[in-house]
Amino acid sequence: MPEGDTVFLTAARLRAALEGKTLTGSDFRVPRYATVDLRDEVVTSVGSYGKHLFIRTPTVSIHTHLKMEGSWRTFHCGQRWTKPRVTARVVLRTDEVEAVGFSLGKVEVLRIDEEHQVIAHLGPDLLGPDWSVEEAVRRLQRYPDQPIGLALLDQRNLAGIGNIYRSEICFLRRVHPTTPVGAVPDLLALVNEAHRVLTKAAHEPPWRPLAYGRTRRPCQRCGTPIVVHLLGDSAPDSDRIAHRERGIYFCPRCQPVPDD
C-alpha cells in the first residue's frame, strides 16, 4: 500500500499539472459519480493528508485513496496511457494534460464543506504543515499495551505510516515491533524519528530502506540476518486493512524481544 510520502509526492505532481487550470472534461468511472461533470471548473488546489489525496475546485473536493494498487499519472493530451484503460477510475482533462487515477481504492466527490469529515478521525499528518509530535505521542499513549508495530499503522494515532515505515522506524530506534507502547524507551524520540524518515523520503527521494524487504540479508549495523514475522493489523477503521497480518522486518539482535 502506498504510504504517506508516495501520496505527498503524487499530490505535488498533480498540483504542478492541474492547479490553476480549467478542466475541459471529467470522467468518473464510478457508478455513484458517473454523471458528475466538472467541465469549466478551475482546480484551485491539490493536497494530501496522510494517505488521502484531495483535488479541489470552488465547488467540490475529489477525494481519492490509493489503497493497495492505486496510482495517479499525468499524460499530455493524446499521449498513450501507460496502464490499461479499463483500470482508470477518474480522468480529469485540461487543454494540455490528462490526469488519470488508476485502480483507485476509493473515489468520492464531496462538497468542500464535507472534506473535513474524511480526516477528522485521523491523527496528525506526518508531512502536514500542522504536524504535532505532542499530539501524536498523546494518541499513542492512549493504548499503552498495544504493540508499537501495530500502533504505528493506526492512522488514528499519526497519519502516513504504512508497513514499510513501521519496520524502518522500529529498526532505527532498536525497538522490537511487539514492544508495548508503554514500554518503548523513548516514545517521543521514536515519533520524531518517524517524522524525520518520512520527511526525508518525501523531500529527498529516492529513499532506500535499511530493514524492510531484506529478509536473511545482514543487518547493516551488526551483520545478523534480518528476519520477517507476521504482525496482525486488527483495527477496523477505513484507513486500515482489518484483520490482515503483514510482515514486519527487524534485526533479532539489535531489536531484542522485550522482557515480560
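Every chain's residues receive numbers from 1 upward, in the order its sequence appears when written. With the structure being a predicted model, the display of local features is reserved for residues of pLDDT at least 70 and the display and counting of side-chain atom pairs for 80 or more, all residues being used for whole-chain, interface and lining totals. To obtain the side-chain values, all non-hydrogen atoms of the structure were used and water was disregarded.

Caption draft 1: Structural detail: the sheet that holds strand β5 (residues 71–76). Should DSSP find at least two bridges between two strands, the strands are taken to pair. Under the scheme used here, helices are H or I runs from DSSP no shorter than 4 residues and strands are E runs no shorter than 2 residues, and both carry numbers assigned from the N terminus. Across the sheet, which stays open at both edges, the 4 strands sit in the order β1-β6-β7-β5 with antiparallel pairing between neighbours. Among the strands making up the open sheet, the edge pair consists of β1 (25–28) and β5. When strand polarity is set aside, the average angle formed by the axes of neighbouring strands in this sheet is 15°. Of the strand pairs in this sheet, β1 and strand β6 (residues 88–93) are connected by 4 bridges, and their pairing is antiparallel. Of the residues in β6, the one forming a bridge with S26 is L92. Axis angles are defined between N-to-C directions and span 0 to 180 degrees, where every axis is a line fitted to C-alpha atoms and, for a helix, only to the segment in contact.

Caption draft 2: A look at the pattern of salt bridges. Salt bridge, as used here: a side-chain nitrogen of Lys or Arg that lies within 4 Å of a carboxyl oxygen of Asp or Glu. Tallying each qualifying case throughout the model produces 12 salt bridges. The residue E135 makes a salt bridge to R138 at a minimum N-O spacing of 2.8 Å. Residue E135 and its partner R138 are both found in helix α3 (residues 133–140); the two are separated by 3 residues, about one turn of the helix. A relative accessible area of 24% means that E135 is categorised as partly exposed. The salt bridge partner of E135 is R139, with a shortest N-O separation of 2.8 Å. Of the two residues, E135 and R139 both sit in helix α3, 4 residues apart, roughly one turn of that helix. Each residue is assigned to one of three classes by its accessible area relative to the maximum for its type, calculated with a 1.4 Å probe on protein chains only: buried under 20%, partly exposed between the two thresholds, exposed over 50%. What makes R139 buried here is its relative accessible area of 15%.

Caption draft 3: Layout of the nonpolar core. Take the buried Ala, Val, Leu, Ile, Met, Phe, Trp, Tyr and Cys residues and link them wherever side-chain atoms come within 4.5 Å; each set so joined is a nonpolar core. By size, the foremost hydrophobic cluster in this structure holds 26 residues, and its most contacted members are I148, L152, L158, I161 and V191. Listed by contribution, the elements that provide at least two residues to this core are α3, α4 (148–151), α5 (163–172) and α6 (187–203). In terms of residue count, α6 provides more of this core than any other element does, 8 residues in total. Counting 25 residues, the second-largest nonpolar core is a separate cluster that includes L14, A17, L23 and V90.

Caption draft 4: Representation of the packing of aromatic side chains in the model. In summary, the pairing rule links any two rings of Phe, Tyr or Trp, Trp by its six-membered ring, whose centres are within 6.5 Å, and it sorts them by plane angle into stacked for under 30 degrees, edge-to-face for over 60 and tilted for everything else. Applying the stated criterion to the full structure yields 5 aromatic pairs. Relative to Y249, the ring of Y212 has its centre 4.8 Å away and its plane inclined at 65°; by these criteria the two rings are edge-to-face. Of this pair, Y212 sits in the loop between α6 and β9 (227–233) while Y249 sits in strand β10 (residues 244–250), and the two are 37 residues apart along the sequence. Relative accessible area serves as the criterion here: at 15%, Y249 is assigned to the buried category. The structure contains a cluster of three or more aromatic residues connected by ring pairs, namely F75, W81 and F102. Think of it as a cone above the ring: NZ of Lys or CZ of Arg counts as a charge over the ring if it is within 6 Å of the ring centre and within 35 degrees of the ring normal. Of note, R85 hangs over the ring of W81, and the distance from its end group to the ring centre comes to 3.9 Å.

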